[in-house]
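# Notes for the structure review
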Amino acid sequence: MTSRTSARHAVNAARRALLAGAAALALASPTRARAVRTDHAARIRHLIGQMTLDEKIGQLNQVPGGRQKALNSKIDAAQLDLVRKGAVGSYLHVAGADFLRDLQRVAVEESRLKIPLLFGIDVIHGFRTIFPVPLGMAATFDPEIVRACSRIAAIETSVSGLHWTFTPMVDIARDPRWGRIVEGAGEDPYLGSRMAEAQILGLQTEDLSGKDTVLACAKHFGAYGAASGGRDYDSADLSDRTLQEVYMPPFRAAALAGAGSFMTAFNDIAGVPTTANQALVRGQLREHWGYEGLVVSDWNAILELINHGVAETPAQAAALALKAGVDMDMAGGVYAGHLKQAVADDPSLLPYLDQAVGRVLAVKARLGLFDDPFRFGDAAREKAEIGSATHRAVAAEAARKSIVLLKNTGNLLPLTAPGRRVAVIGALADDASSALGSWRARGQVGDVRTLLSALKAQGGLTIDYQPGATPRGEDASGIPAAVAAARAADVILLVIGEDYDHSAEARSRSDITLPGVQAQLAHAVLDTGKPVVVVLMNGRPLALAEVLDRADAALETWFLGVESGPAIVDVLTGRTSPAGRLPAGLPRNAGTSPGFYAHLPSGRPADPDLSKDSARYHDVAIGPLFPFGHGLSYASFAYGDLALDRSTVAPDGAVTISLNVTNTGKVAADEVVQLYVRDPVALVARPVKELRGFVRVLLKPGETRRISFRLAAAQLALWDAGRWRIQAGRIEVMIGASSDDIRLRGAFTIAADGWGTEPPAALLTPVSVS
Ligand code: NOJ
């Protein structure tokens, strides 16, 4: 076996492990999927043969049927005429089983070729049942619950007549100033890859033609998360190695998990906008990775190639995007308005056009729309199932699992003593809208159970609520009443952070401390000297060292969705022991951004001794306030008995790394066991630590479980001038409860050089628990 084929075997093994878990959710066999696909090819060729140039271009045209917060609002008589002419391939920002059935009927009954429309929407963390924001979902470190939530999102989306969601956002985000960090899985490519797979398998299952599935969209392909200075839409200028090792893995994992579509990023990499990047889209994604799905531009991004300065006219922009491999134009109208001219100017574009049309049609066929264009949308189920109690129960579990206990001095939490007087301070405690996060599809504010309402419903506690200040306003007049309530209380819940609109698209911030007068409120409350539990709500890691250093306990609760309040109360009262982990470190201040745990070592590693010249800032302590992977528990855990099943591994081989973890505490609790690796001497400097495995495991008091990670040598490969090089030599293994809390260390040796085929972080490390 060559090292190349053996690396391929490692990929297949990882994919098998991934799909084995998915089997329970699969609704059709792979054999059936293959048969359907063959049938599609002939049908699509036949259709393309019949299409006029205008009809072909129409298939590539995605039109906004409404606005994000006013779905369907733009579908008027003129739009219906366009549909009749075959000038629209897809609508976004539409919804509703009955509404979409009527719209589809126009396409399949009144247009010449009767090609069904494709309906898309942003269902980022739930359709009506809103789950925690994606950053919070990543904090679960639990792909199973993420997949379960995505499955529900798919059911609610598809019964409402929709086929496609622009999810998951798999952009790695290492700069909390970037507002879109809320939409992804944080700073780490291994965690990001697992979250990408989980969402895709939940949305699509294994076979898109199954019941209640929707087409997923891995976005924003390229290096959108690497925008300079954390400014949304700004350039990414990064090394090829970082692009391949850090930003690409979740996209590769998404492709391997079967993502039916990809969206290109708005921004450029070193001057090449991804929407016009032939090397990346047509080259890497299509040719190298063999990706056959649909590629859609981001909103108006084809036209914006003119702003980037790589095209002078819309026709040039259209030609560039088409050649790069972008099949569908989202909302820009550039293909619709100018591709005909571009093709007239340059007939060599025609084969590209046919390919793009073929991919749009293939997606429609995969979704079963040619067989039954009304397959999606079920008005009765829409009424009965969306937002159902069953769906909310899963949302509640996800919310509980997302919560991270940052600190707990003197075990202030959980609040178990009965009859306590609790001052709840901060308007976020009752902000139902913020609990939904910035993307909410059909989420309703009235569905949300806030922290305040859940605390009141809980009973056994005397609650004194004082908003004190809103997250955004400059009005400090409520602070004295908040201080009075704090003084009269046994314990204070200080609920602070951001509102839903401080993070998300175009919401980058240079100052990531508390907005408004919340810092003033927080310090006034902390000055009372009463025990304070900070309950953070936010869409990004905030820089809150001054407040968090003074607080006794702190919970990171993100925006947790419809079951936000009960989940937080469960953790506060100890019904659930928290076990969420930070998917991105909390910085000490914005000036240290971007910062990430998997940094390179430097010739002069950061040294606490300021008299030494080292890789650090002089005015702030080294590292984040709370690191990647951090999260405390109401239990405690002992790690031991590390064993590797071999000391030497062939480049096409794998090592099994086993350890015991024991709950040494008094309550049942989840623990997240994390595997990190390091290649200490290599051709190029390697990160000081890289996550290569994790598992969230429930342990009763006194219970011990043996955890085994199966790590392939190919998962240590480094990007070397276009290839994945596996180097012979010693590899360090670290097992910990966070990236900064390593409990066990070991090592093995890769016996010889070799080559991998895949980004190492994209590969799943199978884990067994016995
Ligand atoms: C722009 C955003 O960048 C993208 O993530 C989203 O899917 C589209 N708008 C559609 O709303």
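The rules behind each value
Residues numbered from 1 in each chain as written. Predicted model: local features only at pLDDT ≥ 70, side-chain atom pairs only at ≥ 80, totals over all residues. Heavy atoms only, no water. Helix = DSSP H or I, 4+ residues; strand = E, 2+ residues; numbered from the N terminus. Rg over C-alpha atoms; globule rule 2.2 N^0.38 Å. Contact = heavy atoms within 4.5 Å. Areas by Shrake-Rupley, 256 points an atom, 1.4 Å probe, with all protein chains shown as cover. Lys, Arg positive; Asp, Glu negative; His and termini not counted. Charge placed at Lys NZ, Arg CZ, Asp CG, Glu CD. Core = buried A, V, L, I, M, F, W, Y, C linked by side-chain atoms within 4.5 Å. Buried < 20%, exposed > 50% of the residue type's maximum accessible area, 1.4 Å probe, protein only. Expected span 1.5 Å × (residues − 1). Salt bridge = Lys/Arg side-chain N within 4 Å of Asp/Glu carboxyl O. Phe/Tyr/Trp six-rings, centres within 6.5 Å; stacked < 30°, edge-to-face > 60°. Pairing = 2+ DSSP bridges. Axes fitted to C-alpha atoms, helices over the stretch in contact; angles between N-to-C directions. Near = heavy atom within 4 Å. Polar contact = N/O pair within 3.5 Å; in protein donor to acceptor, adjacent residues only side chain to side chain. Nonpolar A, V, L, I, M, F, W, Y, C, P; charged D, E, K, R; others polar. Left-handed = near helix turned anticlockwise from the far one by under 90°. pLDDT = per-residue confidence, 0-100.

With that out of the way, let us pick up the overall build of the protein. Along its length, the protein carries 23 helices and 28 strands. The C-alpha radius of gyration computed for the protein amounts to 26 Å, which stays within 12% of the reference 27 Å derived for 770 residues, consistent with globular compactness. Seen along its three principal axes, the alpha-carbon backbone of the protein occupies a region of about 75 × 65 × 50 Å. Restricting to contacts in the protein with at least 6 residues of sequence separation, those with at least 24 account for 79%. A total accessible area of about 26,500 Å² is found for the protein, and carbon and sulfur atoms account for 51% of it. For the protein, the centre of its 80 positive side-chain charges and the centre of its 81 negative side-chain charges are spaced 4 Å apart.

With that out of the way, let us pick up the nonpolar core. Among the nonpolar cores identified, the biggest contains 83 residues, and Val 534 and Leu 548 are the most heavily contacted of them. Counting residues in each nonpolar core, the second largest holds 79 residues, with Trp 164, Ala 236, Ala 317 and Val 343 among its members.

Another aspect to go through is helix H15 (residues 350-366). Spanning 17 residues, H15 covers 24 Å between terminal C-alpha atoms, matching the ideal 24 Å at 1.5 Å per step. For H15, the set of buried residues is Leu 353, Ala 356, Val 357, Gly 358, Arg 359, Val 360, Leu 361, Val 363, Lys 364, Ala 365 and Arg 366. Immediately downstream of H15, the backbone of Gly 368 shows phi near 80°, a positive value.

For side chains bearing opposite charge, pairing can occur when the charged atoms are close. Across all of its chains, the model carries 45 salt bridges by this definition. A salt bridge links Lys 612 to Asp 607; the nearest nitrogen and oxygen atoms lie 3.5 Å apart. Accessibility expressed as a relative area gives 45% for Lys 612, which makes it partly exposed. Members of the salt-bridge network, linked through shared partners, are Lys 211, Asp 212, Arg 381 and Glu 385.

Before going further, it helps to spend a moment on the packing of aromatic side chains. Applying the stated criterion to the full structure yields 15 aromatic pairs. Judged by centre distance (5.1 Å) and plane angle (90°), the rings of Trp 178 and Tyr 224 are edge-to-face. Highlighted residues: Trp 178 in the loop between strand S4 (164-165) and helix H8 (189-204) and Tyr 224 in the loop between strand S5 (217-221) and helix H9 (240-247), separated in sequence by 46 residues. Here the two residues Trp 178 and Tyr 224 agree in accessibility, since each one is buried. With centroids separated by 4.6 Å and ring planes inclined at 55°, the aromatic side chains of Phe 262 and Tyr 291 adopt a geometry described as tilted. Note that Phe 262 is positioned in strand S6 (residues 261-264) and Tyr 291 in the loop between helix H11 (279-288) and strand S9 (294-296), a separation of 29 residues in sequence. You'll find Phe 262 and Tyr 291 in the same group, each marked buried.

Sheet architecture is open: three strands sit in the order S5-S6-S9, paired in parallel fashion. Each edge of the open sheet carries a strand with a single partner, namely S5 and S9. Pairs of neighbouring strands in the sheet enclose a mean axial angle of 25°, with direction left out of account. Note: S5 against S6, three bridges, orientation parallel. Of the residues in S6, the one forming a bridge with Ala 218 is Phe 262. Against the sheet, H11 makes contact with S5, S6 and S9, and its axis sits at roughly 155° relative to S9, the strand it touches most.

As a matter of local geometry, the ligand sits amid 14 residues, with Asp 122, Arg 180, Lys 219, His 220 and Asp 298 nearest to it. The contact in question runs from an oxygen atom of the ligand to an N or O atom on the side chain of His 220, over 2.7 Å. Protein contact buries 96% of the 300 Å² of open area that the ligand shows by itself. Of the residues assigned to the shell around the ligand, the class counts are seven nonpolar, two polar and five charged.

Now for unusual backbone geometry. The omega angle of the peptide bond from Leu 413 to Pro 414 is 0°, so this bond is cis rather than trans. For Pro 414, the position within the fold is in the loop between strand S11 (404-408) and strand S12 (421-425). Residue Pro 594 is bonded to the preceding Ser 593 through a cis peptide linkage, with omega at -5°. Mapped onto the elements, Pro 594 comes out in the loop between helix H23 (564-573) and strand S17 (637-644). One non-glycine residue, Lys 114, lies in positive phi territory at about 60°. Structurally, Lys 114 can be placed in the loop between helix H5 (97-110) and strand S3 (118-121). Its relative accessible area of 44% is what places Lys 114 among the partly exposed residues. In the Ramachandran plot, Ala 504 falls in the positive-phi region, its phi being about 100° despite a non-glycine side chain. Judged by relative accessible area, Ala 504 falls into the buried class, the value being 7%.

So, about the packing of helix H4 (residues 77-85) against H5. Running from N to C, H4 and H5 point in directions that differ by 35°, and their axes come no closer than 8 Å. Of the two elements, H4 crosses H5, and the hand of that crossing is right-handed. Here Leu 80, Val 83 and Arg 84 of H4 come into contact with H5, specifically with Leu 103, Val 106, Ala 107 and Glu 110. Partitioning the contact of H4 with H5 into residue classes produces five nonpolar, no polar and two charged.

Along strand S16 (residues 553-556), one buried face is formed by Ala 553 and Leu 555 and the opposite face, lined by Ala 554 and Glu 556, is buried too. Sheet topology note: the S11/S16 ladder contains four bridges and is antiparallel. Considered in S16, the bridge of Leu 405 is made with Leu 555. Relative to S16, strand S15 (residues 532-537) runs parallel, the two sharing four bridges. What sits directly across from Val 535, in S16, is Leu 555.

The next point concerns the sheet that holds strand S2 (residues 90-92). With parallel pairing, five strands are arranged side by side in an open sheet as S4-S3-S2-S1-S10. Two strands lie at the open edges of the sheet, namely S4 and strand S10 (329-330), each paired on one side alone.

For the protein, the average pLDDT comes to 95, and 95% of its residues sit at 70 or higher. Below pLDDT 50 for its whole length, residues 21-36 participates in 15 contacts with residues either more than four positions away or in separate chains.

Right, let's talk about the side chain of Lys 56 for a bit. As for its placement among the helices and strands, Lys 56 is situated in helix H3 (residues 53-59). A distance of 2.9 Å separates a polar atom in the side chain of Lys 56 from a polar atom in the side chain of Asp 354. Residues in contact with Lys 56, not counting those within four places in the same chain, are Ile 48, Met 51, Leu 353, Asp 354 and Val 357.

You can see Asn 267 is positioned in the loop between S6 and strand S7 (268-269). For Asn 267, the residues in contact, after removing those within four places along its chain, are Ala 223, Tyr 224, Ala 227, Tyr 233, Asp 234, Ser 235, Ala 236, Val 272, Pro 273, Thr 274 and His 308.

Here the focus is the environment of Met 248. Position of Met 248 relative to the elements: it lies in the loop between H9 and helix H10 (249-256). What Met 248 contacts, discounting residues up to four positions off in sequence, is Phe 221, Gly 222, Leu 243, Leu 280, Gln 284 and Trp 289.

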